[in-house]
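# Observations on the model geometry
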Amino acid sequence: MLLAAVVILFPLYWMAVVAFSSRSSLSGGGFRLWPEQTTLDNFRRVFDSFPVLTWFGNSLAIALVTSVIIVLVNLLAGYAFAHLRFPGSGVLLLVALSTLMLPVQVIMVGLFRLVTDLGLYGSYWAVILPTAASAFGVFLARQFILTIPRELIEAARIDGASHLQIFWRIVLPLSRPLIAVLFFMSMLQTWNDFAWPLIALRENALYTLPVGLLFLQGQFGPDFGATMAFALITVAPMVLVFLLAQRWFVQGFSRSGLR
Amino acid sequence: MTARAREALAGYSFAAPTLLLLGVFVLLPLGGAMAISLQETNGFGEGTFVGLDNYRRLVQDPVFWRATVNTALYTVLVTPAAMAIGLGLALLLNSALPARGLLRSVLILPMAISGVATALMGVLIFDENSGFLTEAARVLGLPQIDWQTHGPAAFASVVIMTLWWRVGFNMLIYLAGLQGISHELHEAARLDGANSWQRLLHVTVPQLKPQSFFLVILNIIYSFQVFDIVFVMTGGGPERATTVLVTYAYDTGFVTRDQGYAAAIGVVLLAVTLVVTGLRWRAERRREETE
């Protein structure tokens, strides 16, 4: 077990070692398990040569907007599929869920063309909208909202509440754990997404962090110090959030119909 | 308007935003990809209709076959390994162990890390000139392995980094399953004289069937779609040794801009995904029926 933990932690540790080592000590060869001298030179070099803060902001904005959209539309759909009766709901749910099997990679050429035709290519929305089209949240939301007792909803209906009021006053407040898990998972996924932003974004100034990371690796070539300093900047926020939030993340995962 | 009509109206309007997004950004491009796969086009302006030419070309394209074999090999290596290691770790973590919470946090940590960053860590470790393994082998006087220029070694390095990235998730799902197994079953088996290996094989593993099924499907789908790790770590090289279907489709569609051909690769990938998961699904149903 300890061995497994070491194996998992080592690459992260090594990334940090390289990020904080001076350029000369890295190119000099030789083997050591910790930096000879810690230095912030690599970080300075990255910030001087690239719009790191802009990329950081892009990543944050895209991840936040996408996640808010996902949570909102998936919760609405989850409620509809869990508690509302309308003709064709079974078929629609099946169609929605079957898109889970369809990865962006299969449709990337078609999606690229569509986004270009819509005049979105190269904009934030080119990344946000296709990423927000996710059926996994519908599945999760439906499973969760099904556990809200039907009597509660019926009672509200008898009191004359509209469907929107029921959603707003009963379903939403009771769905807080679901919202938290769904929002966090969407943030994680969007923040780390690479293939689609790589295709959809054209200008350097709109890059997200993972795309910028690759761009920077191409520019710096074998400058491991700078690349790892930037990788560390990319990875750190999500790792921190993950460590803080993972207790209920794990609970949410095991509660939400995966068993 | 009757209450029933109102309910139906609410149902449609609540489901509409999600269905609209999925329709426009998933189903429409899927249709688009199928249409484009019948054209020759660079992605700008109108393409020319070429019928099934792209598919005919695929059949004769050695790189396509190489990418297909590599994707299959990757799937066959990653799926059972990720599940077995995940189960092993979940079993260990489920037993009485000091600092369980901390260990679990560490093991699932890679879930928070992007594929690009994972791949870059892979470069750092497997680089032939100054990577960690090269340096370590030099210090210990072990033979050097050509992680980047030797095909099979490069393939292995990609698989290893994938496992590093994926094992925690597999463990997490198994851990959730293990906590749902009642102690009485184990007690009963123990009283019947089953040793711990037999209990694992005949009590625990069958009880974890839903989790295993879920993970097989998920690992297969993930493996078919592998992109970030290969793209960043090896770029598909050396000499196509690590080229998989998705990296090949990306190169074709967005580097050489042969988008019709790239769309055809995507359509084939989808067909293979559907067939494999469909077969797995049927096998599962049949097993449930016979039990």
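Residues numbered from 1 in each chain as written. Chains lettered and ligands numbered in written order. Predicted model: local features only at pLDDT ≥ 70, side-chain atom pairs only at ≥ 80, totals over all residues. Heavy atoms only, no water.

## What about the overall build of chain B?
- Across its full length, chain B holds 13 helices and two strands.
- Whereas a compact globule of 291 residues would reach a radius of gyration of roughly 19 Å, chain B reaches 24 Å, over 25% beyond that.
- Seen along its three principal axes, the alpha-carbon backbone of chain B occupies a region of about 80 × 70 × 35 Å.
- Here chain B holds 291 residues, and 53% of them are scored as buried.
- A separation threshold of at least 6 residues defines the contact pool for chain B, and within that pool the share at least 24 residues apart is 68%.
- Carbon and sulfur atoms make up 65% of the accessible area of chain B, which amounts to about 13,400 Å² in all.
- In chain B, 19 side chains carry a positive charge and 20 a negative one; their mean positions are 8 Å apart. (Helix = DSSP H or I, 4+ residues; strand = E, 2+ residues; numbered from the N terminus. Rg over C-alpha atoms; globule rule 2.2 N^0.38 Å. Buried < 20%, exposed > 50% of the residue type's maximum accessible area, 1.4 Å probe, protein only. Contact = heavy atoms within 4.5 Å. Areas by Shrake-Rupley, 256 points an atom, 1.4 Å probe, with all protein chains shown as cover. Lys, Arg positive; Asp, Glu negative; His and termini not counted. Charge placed at Lys NZ, Arg CZ, Asp CG, Glu CD.)

## With respect to the UniProt feature "transmembrane region" (unreviewed entry) in chain B
- Here the UniProt-annotated "transmembrane region" (unreviewed entry) positions come out as residues 72-93, 105-126, 153-176, 213-233 and 260-279 of chain B.
- As annotated, residues 153-176 of chain B comprises 100% helix and 0% strand, and the C-alpha atoms at either end are separated by 35 Å. (UniProt positions renumbered as here; feature names shortened; annotations may be inferred.)

## Points about the packing of aromatic side chains
- Evaluation of the coordinates by the stated rule reveals 31 aromatic pairs over all chains.
- With a centroid separation of 5.9 Å and 50° between ring planes, the pair formed by Phe194 of chain A and Phe231 of chain B is classed as tilted. Linking Phe194 of chain A in the loop between helix H11 (176-192) and helix H12 (195-200) with Phe231 of chain B in helix H11 (residues 228-233), this pair reaches from one chain into another.
- Note on Phe194 of chain A: relative accessible area 0%, which makes it buried.
- In this structure, Arg166 of chain B packs its charged tip against the face of Tyr222 of chain B, placed 4.2 Å from the ring centre. (Phe/Tyr/Trp six-rings, centres within 6.5 Å; stacked < 30°, edge-to-face > 60°. Lys NZ or Arg CZ within 6 Å of the ring centre and 35° of its normal.)

## So, the packing of helix H8 (residues 183-191) of chain B against helix H9 (residues 196-207) of chain B
Residue and element names in this part refer to chain B.
- Axis separation between H8 and H9 bottoms out at 10 Å; the angle between their running directions is 160°. When the axes of H8 and H9 are compared, the pair comes out roughly antiparallel. Here H8 and H9 pass one another in a crossing that is right-handed. When H8 is examined against H9, the residues Leu185, His186, Ala189 and Arg190 are found in contact with a partner set consisting of Arg199, Val203, Thr204 and Gln207.
- The class makeup of the residues in the contact of H8 with H9 is three nonpolar, three polar and two charged. (Axes fitted to C-alpha atoms, helices over the stretch in contact; angles between N-to-C directions. Parallel < 35°, antiparallel > 145°, perpendicular 65-115°, else oblique. Left-handed = near helix turned anticlockwise from the far one by under 90°. Nonpolar A, V, L, I, M, F, W, Y, C, P; charged D, E, K, R; others polar.)

## Some remarks on the UniProt feature "transmembrane region" (unreviewed entry) in chain A
All names here are of chain A.
- Mapped onto this numbering, the UniProt entry gives "transmembrane region" (unreviewed entry) at residues 55-79, 91-112, 124-145, 166-188 and 228-249.
- This span, residues 55-79, is 100% helix and 0% strand, and a straight line between its end C-alpha atoms measures 36 Å.
- With 86% helix and 0% strand, the stretch residues 124-145 has end C-alpha atoms that lie 32 Å from each other.

## Some words on the nonpolar core
- With 152 residues, the main nonpolar core has Phe194, Phe230 and Phe242 of chain A as its most contacted residues.
- Looking at this core element by element, the count peaks at 16 residues for helix H7 (residues 151-178) of chain B.
- Inspection of this core shows a minimum of three residues originating in each of domain 1 (1-39) and domain 2 (53-255) of chain A.
- Beyond its immediate sequence surroundings of up to four residues, Phe242 of chain A is in contact with Phe184, Leu188 and Phe249 of chain A together with Ile108, Leu109, Met111 and Ala112 of chain B.
- Formed by 30 residues, the second largest nonpolar core is a distinct cluster that contains Phe144, Ile153 and Val171 of chain A together with Ala8 of chain B. (Core = buried A, V, L, I, M, F, W, Y, C linked by side-chain atoms within 4.5 Å. Domains from an automatic or database assignment.)

## Some remarks on the interface of chain B and chain A
- If you look at the interface, chain B gives 84 residues, while chain A gives 84 residues.
- In this assembly, chain B packs against chain A so that about 7,600 Å² is buried in total across both faces, 80% of it on carbon and sulfur atoms.
- When the buried area of chain B at its contact with chain A is split by residue, Glu7, Phe14 and Phe25 of chain B rank highest and sum to 10% of it.
- Here chain B is connected to chain A by two salt bridges.
- Of the charged contacts, one joins Glu7 of chain B and Arg157 of chain A as a salt bridge, the two residues approaching to 3.2 Å between their closest N and O atoms.
- If you look at where chain B meets chain A, you find 10 residue pairs in polar contact (both at pLDDT 80 or more).
- It is helix H1 (residues 3-36) of chain B that contributes the most residues to the side of chain B that touches chain A, 23 residues altogether.
- Tallied by class, residues from the side of chain B that touches chain A come to 60 nonpolar, 17 polar and seven charged. (Buried area = accessible area lost by both parts, 1.4 Å probe. Salt bridge = Lys/Arg side-chain N within 4 Å of Asp/Glu carboxyl O. Polar contact = N/O pair within 3.5 Å; in protein donor to acceptor, adjacent residues only side chain to side chain.)

## Describing the domain arrangement of chain A
Residue and element names in this part refer to chain A.
- Here chain A is partitioned into domain 1 (1-39) and domain 2 (53-255).
- On a C-alpha basis, the centroid separation for the pair domain 1 and domain 2 is 34 Å.
- In this complex, domain 1 contributes seven residues to the contact, which on the side of domain 2 involves eight residues.
- For the pairing of domain 1 and domain 2, the buried interface totals around 580 Å² over both sides, and the portion due to carbon and sulfur atoms is 84%.
- Area buried by domain 1 at its contact with domain 2 is led by Met15, Val18 and Ala19, which between them contribute 66% of it.
- At the junction of domain 1 and domain 2, the tally comes to zero salt bridges.
- Counting across the interface, domain 1 meets domain 2 through zero residue pairs in polar contact (both at pLDDT 80 or more).
- At the level of elements, helix H1 (2-19) and helix H2 (23-27) are the ones that each hand at least two residues to the side of domain 1 that touches domain 2.
- For the side of domain 1 that touches domain 2, the element with the highest residue contribution is H1, accounting for four residues.
- Partitioned by chemical class, the residues of the side of domain 1 that touches domain 2 number six nonpolar, no polar and one charged.

## Details of the side chain of Ser175 of chain A
Residues and elements named next belong to chain A.
- Position of Ser175 relative to the elements: it lies in the loop between helix H10 (163-174) and H11.
- A polar atom in the side chain of Ser175 sits 2.7 Å from the backbone oxygen of Val171.
- Apart from the residues within four sequence positions on either side, Ser175 is in contact with Leu75, Phe144, Ile145 and Ile148.

## Details of empty space enclosed by the protein
All names here are of chain A.
- Overall, the coordinates contain two cavities of 30 Å³ or more when judged by the stated rule.
- If you add up the space inside the largest cavity, you get close to 60 Å³.
- What the second largest cavity holds in volume is close to 30 Å³.
- Only helix H4 (52-83) and H11 provide two or more residues apiece to the lining of the second largest cavity. (1 Å grid on protein atoms, 1.4 Å probe; cavity = no way out; pocket = protein on both sides within 12 Å on 5 of 7 lines; lining within 4 Å. Points joined across faces, edges and corners; volume = space filled by probe spheres on them.)

## Quick notes on the pattern of salt bridges
- Applying the stated criterion across every chain, the model contains eight salt bridges over all chains.
- Between Asp258 of chain B and Arg57 of chain B there is a salt bridge, with the nearest N and O atoms lying 3.1 Å from each other. Here Arg57 of chain B lies in helix H2 (residues 53-60) and Asp258 of chain B lies in the loop between helix H12 (245-255) and helix H13 (259-290), a separation of 201 residues in the sequence.
- Several salt bridges converge on common partners, so that one network encompasses Arg85 and Arg157 of chain A together with Glu7 of chain B.

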